[in-house]
Amino acid sequence: MEISIAFLALVAIVSAASLSQVKIANKDFLEKQKFLFEIVYRVEDPLMFEEWIKLGEKFIIDKSYYSYYDEHMEKFWEAYKMGALLPRGEFFGALVKSHHKQAWGLFNFFYFAKDWETFMHNVCWARMHVNEGMFVYALTLAVIHRDDFEGLMLPTIYEIFPQYFFDSKFIYEAEKFDYDMWSKYIMYEKEFQDFYYKNNKNYNNGGYMYMKDWKMWQWWKLMGIDKSHWYTEENFMLRENIYEFNQDPKWNSMLKDVKMWWMPVDYTRDIDFYNKESALSYFTEDLGWNSFWYYKNMDYAFFLDGKTFGLNKDRRGEFWLYTIQKLMSRYYMERLSHGYGEIPEVFWMSEIEHGYVPHLISYNGVGFSYRPNYYDMTTFANVEMLNRIRGAFHRIEEIIDTGYYKMYDGTMVDLRKPEAIEFIGSMLQSNMDVFDKYFFNYYYMYAFMSISDVDYHHMEVSPNIFLNFETMLRDPLSYTFHKKISDVFFRFKDHLKPYTKDELMFPGVEIKDVHVSELVTYFDLVDFDVTNLLNDKMVFVDGKFVWDKTLLARQMRLNHKPFNFDLTVLSDKQQKAAIRIFIAPKYDEFGRYIPMSENRENFFTLDKFVVDLEPGKNMISRNSNEFYWTGKDRTTYTELYHYVMMAYEGKYDMPLDISEPHCMFPDRLILPRGWEKGMPMRMFFMVSPYEETSHQYSSFDVTYSCGIGTGSRFTDSKPFFYPFDRKIDEFDFYVPNMYFKDVEIYHFDSTKMYMKDEYKNYGKFDYTFFDNYYTKYFK
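Each value, and the rule that gives it
- One numbering rule holds for all chains: residues counted from 1, following each sequence as written.
- Totals for whole chains, interfaces and linings use all residues, but because this is a predicted model, local features are given only for residues with pLDDT of at least 70 and pairs of side-chain atoms are given and counted only at 80 or more.
- With hydrogens and water stripped out, all remaining heavy atoms of the structure feed into the side-chain values.
- Helix and strand assignments come from DSSP, with helices taken as H or I runs of at least 4 residues and strands as E runs of at least 2, each series counted from the N terminus.
- Burial status follows relative accessibility: with a 1.4 Å probe on protein chains alone, a residue under 20% of its type maximum counts as buried, one over 50% as exposed, and anything between as partly exposed.
- By definition in these notes, contact holds between two residues if any of their heavy atoms fall within 4.5 Å.
- What a helix should span is 1.5 Å times the count of its residues minus one.
- It is the directions from the helix axis to the C-beta atoms whose arc is reported.
- Pairing of N or O atoms within 3.5 Å defines a polar contact, subject to two protein rules: one partner must be a possible hydrogen donor and the other a possible acceptor, and residues neighboring in sequence count only if both atoms are side-chain atoms.
- Using only the protein atoms, space was sampled on a 1 Å grid; points where a 1.4 Å probe fits but cannot get out form cavities, open sets with protein on both sides within 12 Å along at least five of seven lines form pockets, and lining residues are those with an atom within 4 Å of a point.
- Grid points are joined across faces, edges and corners, and a volume is the space filled by probe spheres set on the points.
- Basically, the charged four are Asp, Glu, Lys and Arg, the nonpolar ten are Ala, Val, Leu, Ile, Met, Phe, Trp, Tyr, Cys and Pro, and anything else, Gly included, counts as polar.
- Inter-axis angles, ranging from 0 to 180 degrees, are taken between N-to-C directions of lines fitted to C-alpha atoms, where helices are fitted over the stretch in contact.
- Here is the rule for angles: anything less than 35 degrees is roughly parallel, anything more than 145 is roughly antiparallel, 65 through 115 is roughly perpendicular, and the remaining ranges are oblique.
- Here a crossing is taken to be left-handed if its near helix is turned anticlockwise relative to the far helix by less than a right angle, and right-handed if that turn runs clockwise.
- Pairing between two strands requires that DSSP report at least two bridges joining them.
- Stacked, tilted and edge-to-face are the three classes applied to pairs of Phe, Tyr and Trp rings, where Trp contributes its six-membered ring and a pair requires centres within 6.5 Å; stacked means planes under 30 degrees apart, edge-to-face means over 60, and tilted covers the rest.
- Remark: a charge is flagged as sitting over a ring if the NZ atom of Lys or the CZ atom of Arg is within 6 Å of the ring centre and within 35 degrees of the ring normal.
- Two cysteine sulfur atoms form a disulfide, by the criterion used here, when they sit within 2.5 Å.
- The working definition used for a salt bridge is a side-chain nitrogen of Lys or Arg within 4 Å of a carboxyl oxygen of Asp or Glu.

A word on the overall build of the protein chain. The secondary structure content of the protein chain amounts to 29 helices and 19 strands. Residues counted as buried form 61% of the 779 residues belonging to the protein chain. Summarising the internal contacts of the protein chain: among those between residues at least 6 apart in sequence, 81% fall at separations of at least 24.

Here it is as C-alpha cells:
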C-alpha cells in the first residue's frame, strides 16, 4: 500500500503534531459519552445495564424541569397513558405522520430538559418503554441539536440499525451467531477443507467457484471464502484510514482482547427479473451515501423551526435544495459511467419501468415491501394523497411562473428576488419555516406516504424504504422524485436574470493554468461494525460491561486514488478570494457534447475554500483529502467504546476529534466510477471576491462538530450553487477568473489481480495479497 500508507502516515504525523491544540475529553464528558454508547447498545433487546435500568424507572413530566413545554409533549404523555404509543417491535417510519407526531413529543422531552440528569432519566425510561426506531430517531435529533452536547456522539445509524443497510441474509446470519456453535463448525470445516484442497489439484484455478451473476465487488468468490459463514483471523479491521490507528500502541492494547469475526456482504442483484438499474446498487446502497442523506435531514429536520434552533442562519431552504442538486448531479454521473441516460422524469399517471427489491428486513423481523417492474402509482399508491401531491407541485410551479405569492393574510412575496429561494426551499421541504402553512404543510411527507400506500392515521404499517431517510435512496424511484424537486429549483432560478460579465468578473485576477493529477477509481474493502446484531450473552465484571466480541461486515465499495489540483492565479494586489471547484460530464450517453446551457445543472461541487492572494503569481495547491465537506471513514462503534472506557479509567487522553463529524460526505464517492480507458469529464475552477457571511466568526470546532445553526458552516455568502445557479449567457459567462479543464476518470478493476496471479491462500483472506495491488498498480 505504498501510496496510501505514505499519505496516511503523513496525516498521522500532522495529527500528532497538532494534538496539543485538540480538546481532550474530561471526566464529565466521558461519563456522558459512555452513557450514550451504552444506551443504544443492541437497542432491539431489553436494556441490560443495571445503572441505566434504575434511572429509567420513571419519566419526568413536571414542567419545571423543562425550558419549554408544549402540546406535543402533552400529547405524547397522554398517548402513553392511554396505551396509544407505537408499540415496541413495530416498524417506525419518520415519514409516517402518526409516528412523526409521537416522535416530535419525545424529542421535545429530550431537547428541552434543563439539565443532564433530567435528560438521562427520560432517555433511560424511553429506552425501555418506547418503540426502538422512534427512540433512536428522537435521541439522535437531541444529541445533534442541543448546544450543550457539542462533541458528544452516537454510533453511526448503520451501526445502530444495520438492518437498514445490509441484505436480510447477512442480518439473519449475524443474529443467529453463536460462539460455541461457531467454534465446533469451524473445526469440522477446517478438516473438510484440508482434505478437499489436498485432493483437488484444480482448486486454485477456480474449478469449483460459484460464479453465477458475477459482479466485480464479489471478491469472496475469487478468494474462496464462504459468504454464508463467519470467519476469524488475528488481524485488524479494514477502512481507508485504519493506518492512522493501528500503528498506535494504545489502539493495539485496547483491542487485543476483542475477538473479531468477518463475513462478506453483497449488494442487491436482479435475481427474479431483469432490471438494469441493479448495476448501480453498489452506489445507491452505499452506507456512506445513504447515511449522508439521513444526517442531512436530521440536521435540518423539517419540523424544527429556524428561529428556535438557529437553522434560519444556515439558509436552510436553499441549503436543502442545493443538497438535492448535488445528489442528483452525482447520481447522474454514475449513471453515465454505465452508459445510462438522464434520470427518468416523474409521470404521475404512467408506469415506472424498473422496480426494486430491497432485500431488507426491519429490526422486528418483517421484510420490506418491494416495488415491481412497471409500477403503476394509480394502482399501488394512495391515489387520494397522490392527487394532493400533484396539486401541490402544480401550485408551486404556478406561483413561481407568476412571480409573486399572496399569503392568506394579504402579504405579497416577491419571487423575482434571488433570496426568495429560501421560501421555495421551505415550500418544497414543507419545513416549519414555510411561509404559508395552510397550503404546504407536510407535502414532502405525504409524497412518500403516498408511494408507500400509508394513510394519514395509520399507526402499524409495513416496512417500506420510502418511510425513512436512511433507506429511501436505495430505490431508483427516489431519484426520479427528487429530480422533480431539483427541476422546480431550476425553474425558480431560470426566472432570474443571468449573471452579467461584471458580476462574474474578478478585476485584476486571472487563472492562468490548472494542473490536475490522474483521476483513478477502484473498489476497495471496508469493514462495518454490526456488533449491535450480536445475540450473545452480555458479560459484566465488577459492574463493567465487557465488550470482547465484534461482528464485522466486509464489503467492497467505490473509492478513488487521492488527487490534487495546482492552480496558477495572477493577482494585481493582495486580497482575499474564494475558489470553487466543480466537475461535470462532457458527453451524454450517446456521446454527444452537452452544451453549457444544459450541462450547468449537472455540475457537482467538489470544493470551496478561501485563499489570500499576493500580488503577482500565486501557486495554489489543493488535495482531495482537504475538501471542505468530505470526510474519511468514521471510527467504529467498538473502537470508540473502548477509547471512552480507557479514557474513563485514566489510561488515555481521548481527543474529541477521534471520529469524523456526522455531517460529512464520504470522500471516496466524489468521483464517478469512470471507465477503464478513461471517461471524459470537465472540471471548472473559479476565483471570486471573498464575501464573508454575517456569522462567519461564530465559533465551532470543525474537527468534531458540524456547527448546525451557527450560520458559519459555509465558505461565503454567495448562492450555494454559484455561478451555475442561473441561466448561462455564453457571451457573458466566460471571464478570466474562470478555467475549464478537460479530464478523464480511469477505473481500475481491482479484481483482475485474482485472475492473473496465483492466489496461494485460497479459502482465507490474505491481507498481504490485498495490500500488494496498491503497490503494483498505484505506485
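Still more ground to cover, so stick around.
Helix length check: helix H18 (residues 383-402) (20 residues) gives 28 Å between terminal C-alpha atoms against 28 Å at 1.5 Å per residue, within 8%. Along H18, the positions that sit buried rather than exposed are Met385, Leu386, Ile389, Ala392, Phe393, Ile396, Glu397, Ile399 and Ile400. Projected down its long axis, H18 carries its buried residues within an arc of 165 degrees, all on one side. Its side-chain oxygen at 3.4 Å from the backbone nitrogen of Glu384, Asn382 defines the N-terminal cap of H18. Once H18 ends, the next one or two residues include Gly403, with phi positive near 100 degrees.

A few words now on the layout of surface pockets. Considered as a void within the structure, the second largest pocket measures approximately 630 Å³ in volume. What lines the second largest pocket is a set of 37 residues, among which Val143, Ile144, Glu150, Ser705 and Cys706 lie closest to the centre. No other element matches helix H7 (residues 132-145), which puts 4 residues into the lining of the second largest pocket. In terms of residue class, the lining of the second largest pocket is built from 19 nonpolar, 12 polar and 6 charged.

A few words on the packing of H18 against helix H23 (residues 476-494). One can describe the packing of H18 onto H23 by two numbers: an axis separation of 9 Å at closest approach and a directional angle of 15 degrees. Looking at the two axes, H18 sits roughly parallel to H23. By crossing handedness, the relation of H18 to H23 is classed as left-handed. Contacts between H18 and H23 involve Phe393, Ile396, Glu397, Ile400 and Asp401 from the first element and Phe481, Lys484, Ile485, Val488, Arg491 and Phe492 from the second. Class assignment of the residues belonging to the contact of H18 with H23 gives a composition of 7 nonpolar, no polar and 4 charged.

On the basis of which strands lie adjacent, the open sheet formed by 3 strands has the order E7-E12-E15 and antiparallel pairing. Either end of the sheet is taken by a strand with one partner, and the two such strands are strand E7 (509-516) and strand E15 (616-623). Neighbour-to-neighbour, the strand axes of this sheet turn through a mean angle of 20 degrees, independent of strand direction. Inspection of the sheet shows strand E12 (residues 564-571) paired to E15 by 8 bridges, in the antiparallel sense. Following the sheet pairing, Phe565 is matched in E15 by Arg622.

Next up on the list: the packing of aromatic side chains. Taken as a whole, this structure holds 98 aromatic pairs when the rule is applied. With centroids separated by 4.9 Å and ring planes inclined at 75 degrees, the aromatic side chains of Tyr294 and Tyr295 adopt a geometry described as edge-to-face. Centroid distance Phe302 to Phe303: 5.7 Å. Interplanar angle 75 degrees. Geometry classified as edge-to-face. Here Phe302 falls in the buried class, since its relative accessible area comes to 7%. A cation over a ring is seen here: Lys34 above Tyr648, with NZ or CZ 6.0 Å from the ring centre. Over the face of the ring belonging to Tyr375 we find Arg371, whose NZ or CZ atom lies 5.7 Å from the ring centre.

One can find Gln218 in the loop between helix H10 (179-199) and helix H11 (219-223). Classification of Gln218 as buried rests on a relative accessible area of 0%. Considered as a pair, Gln218 and Gln555 are 337 residues apart in the sequence and their alpha carbons are 8.4 Å apart.

This paragraph deals with the pairing of strand E8 (residues 519-529). Most of E8 is tucked away: 11 of the 11 residues are buried. Bridge analysis of E8 against strand E19 (residues 738-747) gives 3 bridges, and the strand direction is parallel. The residue bridging Val520 from the neighbouring strand is Tyr746, located in E19. Pairing geometry for E8 and strand E11 (residues 549-560), over 9 bridges, is antiparallel. Directly across from Asp529, in E11, lies its bridge partner Leu552.

Right, let's get into empty space enclosed by the protein. Considering all chains together, one arrives at 9 cavities of 30 Å³ or more under this definition. The computed volume of the largest cavity comes to approximately 300 Å³. The wall of the largest cavity is formed by 27 residues, among which Tyr158, Gly288, Lys632, Asp633 and Arg634 lie closest to the centre. The leading source of residues in the lining of the largest cavity is helix H14 (residues 287-299), at 5 residues. By residue class, the composition of the lining of the largest cavity is 10 nonpolar, 6 polar and 11 charged.

A sheet is described by the order of its strands in space; here 8 strands give the open sequence E1-E2-E11-E8-E19-E18-E13-E14, paired in mixed fashion. Each having just a single partner strand, strand E1 (231-232) and strand E14 (604-613) make up the two edges of the open sheet. Relative to E19, strand E18 (residues 679-689) runs antiparallel, the two sharing 8 bridges. Bridge pairing in E19 links Met681 to Val743.

What the rule picks out here adds up to 1 disulfide. The disulfide partner of Cys663 is Cys706, and the gap between their sulfur atoms is 2.1 Å. Across the disulfide from Cys663 to Cys706, rotation about the S-S bond amounts to roughly -105 degrees, and the bridge is consequently left-handed. Of this pair, Cys663 sits in the loop between helix H26 (637-648) and strand E17 (665-666) while Cys706 sits in the loop between E18 and helix H27 (730-733), placing them 43 residues apart in sequence. Residue Cys663 is classed as buried on the basis of its relative accessible area of 10%.

Its 14 residues give H7 an end-to-end C-alpha distance of 20 Å, which sits within 8% of 20 Å, the value for a rise of 1.5 Å per residue. For H7, the buried fraction is high: 14 of the 14 residues fall into the buried class. Its side-chain oxygen at 2.9 Å from the backbone nitrogen of Gly133, Asn131 defines the N-terminal cap of H7.

A word on the pattern of salt bridges. Considering all chains together, one arrives at 46 salt bridges under this definition. Residue Lys632 is joined to Glu240 by a salt bridge in which the shortest nitrogen-to-oxygen separation is 4.0 Å. With Lys632 in the loop between strand E16 (630-631) and H26 and Glu240 in the loop between E1 and helix H12 (249-255), this residue pair connects regions lying 392 residues apart in the sequence. Lys632 sits in the partly exposed class, given a relative accessible area of 21%. Residue Arg580 pairs with Asp716 through a salt bridge whose shortest N-O separation is 2.7 Å. With Arg580 in strand E13 (residues 575-585) and Asp716 in the loop between E18 and H27, this residue pair connects regions lying 136 residues apart in the sequence. For Arg580, a relative accessible area of 2% translates into the label buried. Given the relative accessible area of 3%, Asp716 is considered buried. A single salt-bridge network, built from bridges that share partners, covers Asp286, Asp524, Arg557, Asp633 and Arg668.

Function cannot be inferred from these measures alone, as they are strictly geometric.
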